[in-house]
Amino acid sequence: MTTQASRDATAFPTETFDDLLRENARFAEAFEGQDLSGRAARGLAVVTCMDSRINPLALLGLEAGDVKILRNAGGRVTDDVLRTLVLATYLLNVDRILVMPHTDCKMASATEEQIHETILADAGVDTRSLEFRVIEDQKAALAYDVNRIRAFPLIQPDVVVGGAIYDVNTGRLEPVDV
């Protein structure tokens with residue numbers, strides 16, 4: 001395989017993404033989403049983790065066009081998530097927000113320092129300039145994040161915010177009172 005460094009840095013790395021481009025061509029042949037709006041048809045935004053075991057549309061019984069999905073490591077409510085939720089609530093029909101972390105999350109399995117040390121030991125890269133926002137107590141972190149959205153002055157007060165933990169072993173959501 002050709003490495004990125006050995007090719008024109010401005011060229012799209014077609015060989016590396018060839019499998020995805022083939023699947024996209026197949027998808028595009030049967031594509032029927034051209035009539036979908038950019039607005040959340042079900043008025044929902046979901047903040048969740050980037051974990052590939054989570055399929056928000058399937059586990060919530062939704063379809064493309066129903067929801068705005070925001071994903072990051074740990075499903076945390078960061079400044080960027082708040083910025084995006086402001087846009088979603090004012091411009092994209094979102095009137096309810098579900099914060100949905102999950103069980104067996106890598107961000108809940110180590111301390112901030114342990115993650116930095118692991119990356120340094122394994123890859124020789126010093127990541128201490130980043131805050132990974134590890135989760136020591138998942139329910140406490142969820143309560144913090146839900147309340148952060150509820151208290152954010154640029155989110156409309158009538159937006160409903162809830163939190164639930166997705167169990168990757170059972171497929172069930174556990175609503176959490178906060």
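It should be noted that the structure appears before, not after, this text.
Residues numbered from 1 in each chain as written. Predicted model: local features only at pLDDT ≥ 70, side-chain atom pairs only at ≥ 80, totals over all residues. Heavy atoms only, no water.

(A) Up close: the state of the cysteines. Applying the stated criterion across every chain yields a total of zero disulfides. Free cysteine: C49, not disulfide-bonded; nearest cysteine sulfur from C105 at 4.2 Å. (Disulfide = S-S within 2.5 Å.)

(B) A look at unusual backbone geometry. For N93, which is not glycine, the phi dihedral falls at a positive 75°. As for its position among the elements, N93 is in the loop between α3 (79-91) and β3 (96-100). A positive phi angle is found at D104, which is not glycine, with a value near 55°. Relative to the elements of secondary structure, D104 occurs in the loop between β3 and α4 (112-123). (Helix = DSSP H or I, 4+ residues; strand = E, 2+ residues; numbered from the N terminus.)

(C) Representation of the packing of aromatic side chains in the model. Applying the stated rule across the entire model yields two aromatic pairs. Measuring from ring centre to ring centre gives 5.4 Å for F12 and F17, while their planes differ by 40°; the resulting arrangement is tilted. The exposure class of F12 is partly exposed, given its relative accessible area of 48%. Classification of F17 as partly exposed rests on a relative accessible area of 33%. (Phe/Tyr/Trp six-rings, centres within 6.5 Å; stacked < 30°, edge-to-face > 60°. Buried < 20%, exposed > 50% of the residue type's maximum accessible area, 1.4 Å probe, protein only.)

(D) Focus on a nonpolar patch on the surface. The grouping of F12, F17, L20 and L21 at the surface amounts to a nonpolar patch, some 370 Å² of accessible area in total. Turning to its location among the elements, F17 is positioned in helix α1 (residues 14-29). (Patch = residues over 30% accessible without salt bridge, like charges linked within 9 Å, V, L, I, M, F, W, Y side chains within 5 Å. Areas by Shrake-Rupley, 256 points an atom, 1.4 Å probe, with all protein chains shown as cover. Salt bridge = Lys/Arg side-chain N within 4 Å of Asp/Glu carboxyl O.)

(E) Up close: the sheet that holds strand β5 (residues 173-176). In space, the five strands of this open sheet follow the order β2-β1-β3-β4-β5, with mixed pairing throughout. With partners counted over all chains shown, the strands left at the sheet margins are β2 (67-72) and β5, one partner each. Across this sheet, the average inter-strand angle for adjacent strands is 25°, counted without regard to direction. Pairing of β3 with strand β4 (residues 160-166) involves four bridges; the strand directions are parallel. Across the sheet, residue I97 finds its bridge partner in β4, namely V161. Across the face of the sheet, α3 comes into contact with β1 (44-49), β2 and β3 while running at roughly 175° to β2. (Pairing = 2+ DSSP bridges. Axes fitted to C-alpha atoms, helices over the stretch in contact; angles between N-to-C directions. Contact = heavy atoms within 4.5 Å.)

(F) Just the side chain of D51, in detail. With respect to the element layout, D51 can be found in the loop between β1 and α2 (56-59). The exposure class assigned to D51 is buried, which follows from its relative accessible area of 16%. The residues touching D51, leaving out its near neighbours within four places in the chain, are R71 and H102.

(G) Just the side chain of Q138, in detail. Summarising the element assignment, Q138 is placed in helix α5 (residues 138-151). Excluding residues within four positions of it along the chain, Q138 makes contact with P101, H102, T103, C105 and I165.

(H) Up close: the pattern of salt bridges. Scanning the model with the defined rule gives ten salt bridges in all. One salt bridge in this structure joins D18 and R22, with 2.4 Å as the shortest N-O distance. Of the two residues, D18 and R22 both sit in helix α1, four residues apart, roughly one turn of that helix. The class of D18 is partly exposed, set by a relative accessible area of 32%. Here R148 and D79 are joined by a salt bridge, their closest N and O atoms 2.5 Å apart. Of this pair, R148 sits in helix α5 while D79 is found in helix α3, placing the two residues 69 residues apart along the sequence. Through salt bridges with shared partners, one network takes in D51, R53 and D104.

Purely geometric stuff here, so don't read any function into it on its own.
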